[in-house]
2 protein chains.
Amino acid sequence: MTIMPKQVDHDFRRRSIASAAIRVIDAVGLDAARLTDVAREGEVTTGAVTHYFASKDAVIEAALAEVVRRILDGQAAVDDNVLAADDLIGALSSFLPVDEEARRDWRVWFAFWGRAIVNERLRALHRDYYAEISRRLTRTLTILQDAGRLPPGATAADVADAVIAVIDGLGVRATFEPDLWPPARQVRVLHLLLIPILSNPGGGETAR
Amino acid sequence: MTIMPKQVDHDFRRRSIASAAIRVIDAVGLDAARLTDVAREGEVTTGAVTHYFASKDAVIEAALAEVVRRILDGQAAVDDNVLAADDLIGALSSFLPVDEEARRDWRVWFAFWGRAIVNERLRALHRDYYAEISRRLTRTLTILQDAGRLPPGATAADVADAVIAVIDGLGVRATFEPDLWPPARQVRVLHLLLIPILSNPGGGETAR
DNA sequence: GTTTTGGCATAATGGTCATTATGTAAAAGC
DNA sequence: GCTTTTACATAATGACCATTATGCCAAAAC
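Residue indices follow the written sequence of each chain, beginning from 1 at its first position. Just so you know, chain letters begin at A and ligand numbers begin at 1, following the order they were written in. A pLDDT threshold of at least 70 governs which residues receive local features in this predicted model, and a stricter bar of 80 or more applies before side-chain atom pairs are shown or counted, although totals over entire chains, interfaces and linings include all residues. Side-chain descriptors were evaluated using all non-hydrogen atoms of the structure, hydrogens and water having been removed beforehand.

### Points about the side chain of A:Arg103
Piece 1. Numbering of helices and strands runs from the N terminus, with a helix taken as a DSSP run of H or I at least four residues long and a strand as a DSSP run of E at least two residues long. When you line up the elements, A:Arg103 lands in helix α6 (residues 100-118).
Piece 2. The contact partners of A:Arg103, leaving out residues within four places of it in the chain, are A:Pro97, A:Val98, A:Ala174, A:Thr175 and A:Pro178. Only heavy atoms matter for contacts: two residues are in contact if any of them lie within 4.5 Å across the pair.

### A closer look at the environment of A:Phe112
All names here are of chain A.
Piece 1. On the secondary structure map, Phe 112 appears in helix α6.
Piece 2. On the accessibility criterion, Phe 112 (1% relative accessible area) is buried.
Piece 3. Taking the C-alpha atoms as reference points, Phe 112 and Glu 61, 51 residues apart in sequence, are found 9.4 Å from one another.
Piece 4. Beyond its immediate chain neighbours, meaning those up to four positions away, Phe 112 contacts Ile 25, Leu 30, Ile 60, Ala 63, Leu 64, Val 67 and Leu 122. Type-normalised accessible area, obtained with a 1.4 Å probe on protein chains alone, sets the label of each residue: buried when under 20%, exposed when over 50%, and partly exposed for intermediate values.

### Side note on the pattern of salt bridges
Piece 1. The term salt bridge refers to a side-chain nitrogen of Lys or Arg lying within 4 Å of a carboxyl oxygen of Asp or Glu. Counting across every chain of the model gives 41 salt bridges over all chains.
Piece 2. In this structure, A:Glu177 and A:Arg173 form a salt bridge, with 3.2 Å as the shortest nitrogen-oxygen distance. Residues A:Glu177 and A:Arg173 agree in their burial class; the two are buried.
Piece 3. One salt bridge connects B:Glu66 with B:Arg69, and the closest N-O pair in it is separated by 3.2 Å. Taken together, the residues span about one helical turn, with B:Glu66 and B:Arg69 both in helix α4 (residues 56-85) at a distance of three residues.

### Let's talk about helix α8 (residues 156-176) of chain B
Given 3.6 residues to a turn, an α-helix orients residues that are three or four positions apart in the same direction.
Piece 1. Multiplying 1.5 Å by the residue count of a helix minus one yields the expected span of that helix. For α8(B), with 21 residues, the first-to-last C-alpha span of 30 Å sits near the 30 Å given by 1.5 Å per residue.
Piece 2. Here α8(B) lies mainly inside the structure; 20 of its 21 residues are buried.

### Observations regarding the interface of chain A and chain B
Piece 1. Of the residues lining the interface, 47 residues belong to chain A; the matching set on chain B comes to 46 residues.
Piece 2. Carbon and sulfur atoms supply 66% of the area that chain A and chain B bury against each other, a total of about 3,700 Å² over both sides.
Piece 3. Counting every contact that joins chain A to chain B gives 12 salt bridges.
Piece 4. Residue A:Arg188 is joined to B:Asp158 by a salt bridge in which the shortest nitrogen-to-oxygen separation is 2.6 Å.
Piece 5. Polar contacts, as counted here, are pairs of nitrogen or oxygen atoms within 3.5 Å of one another; within protein the pair requires one atom able to donate a hydrogen and one able to accept it, and residues that are adjacent in sequence qualify only if both atoms are side-chain atoms. Where chain A touches chain B, the interface holds 12 residue pairs in polar contact (both at pLDDT 80 or more).
Piece 6. Sorting the residues of the side of chain A that touches chain B by element identifies α1 (10-28), α6, α7 (120-146), α8 (156-176) and α9 (183-198) of chain A as the ones contributing at least two each. A simple way to read buried area is as the amount of 1.4 Å-probe accessible surface that goes missing from two parts once joined, with both sides added.

### Some details on unusual backbone geometry
Residue and element names in this part refer to chain A.
Piece 1. A positive phi angle, near 60°, is found at Glu 43, a position not held by glycine.
Piece 2. Along the chain, Glu 43 turns up in the loop between α2 (35-41) and α3 (46-52).
Piece 3. With relative accessibility at 76%, the residue Glu 43 sits in the exposed group.

### Remarks on the confidence of the model for chain A
Residue and element names in this part refer to chain A.
Piece 1. Here pLDDT means the predictor's own confidence in every residue, given as a number from 0 to 100. Taken residue by residue, chain A gives an average pLDDT of 89. The fraction at 70 or more is 89%.
Piece 2. Taken element by element, chain A is modelled with least confidence in helix α4 (residues 56-85), mean pLDDT 86, and with most confidence in α8, mean pLDDT 97.
Piece 3. Below a pLDDT of 50 lies the segment residues 202-208, which in the model reaches 16 contacts outside its immediate sequence neighbourhood of four places, other chains included.

Now the structure itself:
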């Protein structure tokens, strides 16, 4: 930390620009997002953007990393309360796109999928993200499994990935068709799918 | 059909170019796909492309329409065999990205999601597609419901959309992480999630 | 076989950005 | 207070590509 001139929180500025990029991406789409838009949204100039990022791809990559970071932070908060409240499905429902803010996160998340297909670095980020969220959920479910509350014959990992798949699948529909998927319906279908695999022999009803 | 010069199957050429666009989109991504690439892939020139489509957006839209058409054709074939074979889940597994060809369809399908967020016409196509597939599946499930084989208290529409969500969710993971999701695992998790809601009181095990 | 017209190839144009280059202010060190 | 170095702003460059323009060719009609 022995830098000489003009102290600036380098990391903070990068994050700030990445956040601006997220807002722009949500507004106009990933490929229509221009660096000048990002700069304006972040209340800086393109000079600042290029100063902090080597290329446009780097900006996009940072934006995805920021999105992932936020989602994982959210999950961490949820995880902490899951076992205590004994309401796993209720906690999981907080990931669904039930309000405009959550829908925005989902939209941006989707925007990256198309790129991740052809961009190796984004694909790696995507992979790492799912690996991490799957790992965490598997750990939580292992505790349930030890209590005999998972379907016999299913591994905790399979159940965790099944849960993730359900949330992703519902997230897609609800994000694109919010009027067909009011929060109540999202939660209803979530319960329909998850009650059978998350509240088996041993324990009582997990929710409702 | 009283056209004078040079008879050409207009519709066939459009589809041919749309198919070329699909291949290009899979190879390089939606936004990196150039019209010259599409032309080369379709073994025509850009002149032909612009002759058949008013703009690049029109080409992309036609490509999405072609993808949707293919998927729906696939579903129609499946639907016909579902009730006869009494193996709904087995039939549904044919939608999963279990081989490279299916993964390609899924990849291209994902590529459009990012655009559908900000492009009204693509969003409408996306919506219509899901409406149609949901409608068909609901119809099939209504028959099962009448036979008392759906969970009591669940509507056929909810079960249908739950099934679609599961397939979408598994599709995402398996497409991006094929090595973590060999076909056997996809099918296993599909059964884990669907057996409880598709083979309830009345009938026997639906698959396995 | 001549004319007509759509089907398309080829080439030209122009707009849109990402990137690069250059300049400036301001803070830190001495 | 002078120098140095970073942090940016502003302006210039240039590549890339969709779109447009032009023209040719081939088949149909007569």
